[in-house]
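Residue strings, one per chain:
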Amino acid sequence: MTGFEIFWPMVAHVLLVFVLYALLSFRRVGLVRAGKVQVSQFRENRDEPGESLVVRNSIANQFELPVLFHVCCVLLYITEADNIVSLVLAWLFIASRYLHAFVHVTSNRIRYRRPLFMAGVATLGGMWIWLSVWMANS
């Protein structure tokens, strides 16, 4: 390992956030052009149509649990616990984020979203446990 691998899952998450912002813009512009909403509705985010609301909610979700992911990745790097175990967990977490976001902005079925979210929670929990064990044994 070169020492920077733990940052690539972080970059992948940032890419997801930018893709979601692009999708939000695309959907909002489409709604305005179709005459379904007025631009002024987005000024205060009142009565946002479902087509763009699900994307906005997915973006908000990227700044909740993933904050703990980014902090953990930095701490893993600082403590030199960024090895294959933490890297696999980090990529699994990011995979769960991508899948969760995909379901969120397409079908938005809780039946599929919740297990993906919980898989991310469990994986992130594993990352924090790994960091804690690493520090306790150092």
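The shown structure was predicted, so the numbers you read here are calculated from the model rather than taken from an experiment.

**Student:** What am I meant to see in unusual backbone geometry here?
**Tutor:** In terms of backbone geometry, most residues other than glycine have negative phi values and most peptide bonds are trans. One non-glycine residue, glutamate 80, adopts positive backbone phi at about 60 degrees. Along the chain, glutamate 80 turns up in the loop between α3 (65-78) and α4 (84-105). Residue classification places glutamate 80 among the exposed positions, given a relative accessible area of 61%. Non-glycine residue asparagine 108 carries a positive phi angle of around 55 degrees.

**Student:** Just checking my understanding: could you explain the nonpolar core for this structure?
**Tutor:** Grouped burial of nonpolar side chains is what soluble globular proteins tend to show. Grouped together as the largest cluster of nonpolar side chains are 17 residues, with contacts concentrated most on Ile6, Phe69, Cys73, Leu76, Phe93, Leu124 and Met127. When residues of this core are traced back to their parent elements, those giving at least two are α1 (7-33), α3, α4 and α5 (110-136). Not counting the four nearest positions on each side in its chain, isoleucine 6 is found in contact with Cys73, Leu76, Tyr77, Asp82, Ser86, Leu87 and Ala90.

**Student:** Can you walk me through the pattern of salt bridges in this structure?
**Tutor:** Where charged atoms from two side chains of opposite charge come close, those side chains can pair. In this structure the tally under the stated criterion is three salt bridges. One network of salt bridges, in which partners are shared, links Arg28, Glu48 and Arg56.

**Student:** Which parts of the structure should I look at to understand the environment of arginine 28?
**Tutor:** Structurally, the position occupied by arginine 28 is in helix α1. Residue class for arginine 28 comes out buried when judged on its relative accessible area of 19%. Sequence spacing of arginine 28 and methionine 127 is 99 residues, and the spatial spacing of their C-alpha atoms is 36 Å. What arginine 28 contacts, discounting residues up to four positions off in sequence, is Phe42, Asn45, Glu48, Ser52 and Arg56. Side-chain polar atoms of arginine 28 contact the side chain of asparagine 45, separated by 3.2 Å. Side-chain polar atoms of arginine 28 contact the side chain of glutamate 48, separated by 2.9 Å.

About the criteria used
Residues numbered from 1 in each chain as written. Predicted model: local features only at pLDDT ≥ 70, side-chain atom pairs only at ≥ 80, totals over all residues. Heavy atoms only, no water. Helix = DSSP H or I, 4+ residues; strand = E, 2+ residues; numbered from the N terminus. Buried < 20%, exposed > 50% of the residue type's maximum accessible area, 1.4 Å probe, protein only. Core = buried A, V, L, I, M, F, W, Y, C linked by side-chain atoms within 4.5 Å. Contact = heavy atoms within 4.5 Å. Salt bridge = Lys/Arg side-chain N within 4 Å of Asp/Glu carboxyl O. Polar contact = N/O pair within 3.5 Å; in protein donor to acceptor, adjacent residues only side chain to side chain.

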